[in-house]
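# Understanding the architecture of this molecule
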Amino acid sequence: MSCGEPHETDCSEVLDHLYEFLDHEMPDSDCTKFEVHFEECSPCLEKYGLEQAVKKLVKRCCGHDDVPSDLRSKVMGRIDLIRSGQAVPDQDVVAESQLPTAASE
């Protein structure tokens, strides 16, 4: 996506880091660069507006659901598998301590 005009900050950089911008997870200097880019580039501004609207909709519709207590450990386990280059199973990642033992069956 690009308007075809040259920009100080490339459209691909803006789109690659759009969620960091939306989530306020980047330095102020980078935020300023992105804001200038959005003023100059209507396709990127449109994409920004769309993603912002989606985030608001998800927050409104799903923001009140209780998160399972073990979700973080499952997600972190899956991230560790991906980083280590191991195959990621389709089913939930379960810590060995959570697997049933012969004594408990």
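Quick summary incoming for the structure in this document. In this text the structure is predicted, and so the values were computed from the model without any measurement.

### As for the overall build of the protein
The number of helices and strands found in the protein is five helices and zero strands. Put simply, the protein runs from its N terminus to its C terminus through helices and strands in the order α-α-α-α-α. Across the 105 residues that make up the protein, the buried fraction comes to 18%. A total of about 8,300 Å² of accessible surface is found on the protein, and carbon and sulfur atoms cover 52% of it.

### A word on the packing of helix α3 (residues 28-40) against helix α4 (residues 42-62)
Two numbers describe how α3 lies on α4: the axes approach to 6 Å, and their chain directions differ by 115 degrees. Taken as axis vectors, α3 and α4 run roughly perpendicular relative to one another. Along this stretch, α3 crosses α4, giving a crossing that reads as left-handed. Contact residues: α3 offers H37, F38 and E40, while α4 offers S42, C44, L45 and Y48. Grouping the constituent residues of the contact of α3 with α4 by class yields four nonpolar, two polar and one charged.

### Considering the state of the cysteines
Counting across every chain of the model gives zero disulfides. Cysteine C44 is unpaired, with the sulfur of C41 as its nearest cysteine sulfur at 3.6 Å.

### Let's talk about a negative patch on the surface
Taken together, the side chains of E8, D28, E35, E39 and E40 present a region of like negative charge at the surface. Checked against the element boundaries, E39 lands in helix α3. Relative accessible area serves as the criterion here: at 69%, E39 is assigned to the exposed category.

### Thoughts on the packing of aromatic side chains
According to the stated counting rule, one finds four aromatic pairs in the structure shown. Ring centres of F21 and F34 lie 5.7 Å apart, and the angle between their planes is 25 degrees; on these two criteria the pair is classed as stacked. Of this pair, F21 sits in helix α2 (residues 18-22) while F34 sits in helix α3; the two residues are 13 residues apart in sequence, bridging distant segments of the chain. Of the residues examined, F21 reaches a relative accessible area of 8% and is grouped as buried. Relative to Y48, the ring of F21 has its centre 5.5 Å away and its plane inclined at 65 degrees; by these criteria the two rings are edge-to-face. Highlighted residues: F21 in helix α2 and Y48 in helix α4, separated in sequence by 27 residues. For the residue pair F21 and Y48, the accessibility class agrees, reading buried in each case. One aromatic cluster is present, built from ring pairs that chain together F21, F34, F38 and Y48.

Quick notes on the rules
- Residues numbered from 1 in each chain as written.
- Predicted model: local features only at pLDDT ≥ 70, side-chain atom pairs only at ≥ 80, totals over all residues.
- Heavy atoms only, no water.
- Helix = DSSP H or I, 4+ residues; strand = E, 2+ residues; numbered from the N terminus.
- Buried < 20%, exposed > 50% of the residue type's maximum accessible area, 1.4 Å probe, protein only.
- Areas by Shrake-Rupley, 256 points an atom, 1.4 Å probe, with all protein chains shown as cover.
- Axes fitted to C-alpha atoms, helices over the stretch in contact; angles between N-to-C directions.
- Parallel < 35°, antiparallel > 145°, perpendicular 65-115°, else oblique.
- Left-handed = near helix turned anticlockwise from the far one by under 90°.
- Contact = heavy atoms within 4.5 Å.
- Nonpolar A, V, L, I, M, F, W, Y, C, P; charged D, E, K, R; others polar.
- Disulfide = S-S within 2.5 Å.
- Patch = residues over 30% accessible without salt bridge, like charges linked within 9 Å, V, L, I, M, F, W, Y side chains within 5 Å.
- Salt bridge = Lys/Arg side-chain N within 4 Å of Asp/Glu carboxyl O.
- Lys, Arg positive; Asp, Glu negative; His and termini not counted.
- Charge placed at Lys NZ, Arg CZ, Asp CG, Glu CD.
- Phe/Tyr/Trp six-rings, centres within 6.5 Å; stacked < 30°, edge-to-face > 60°.

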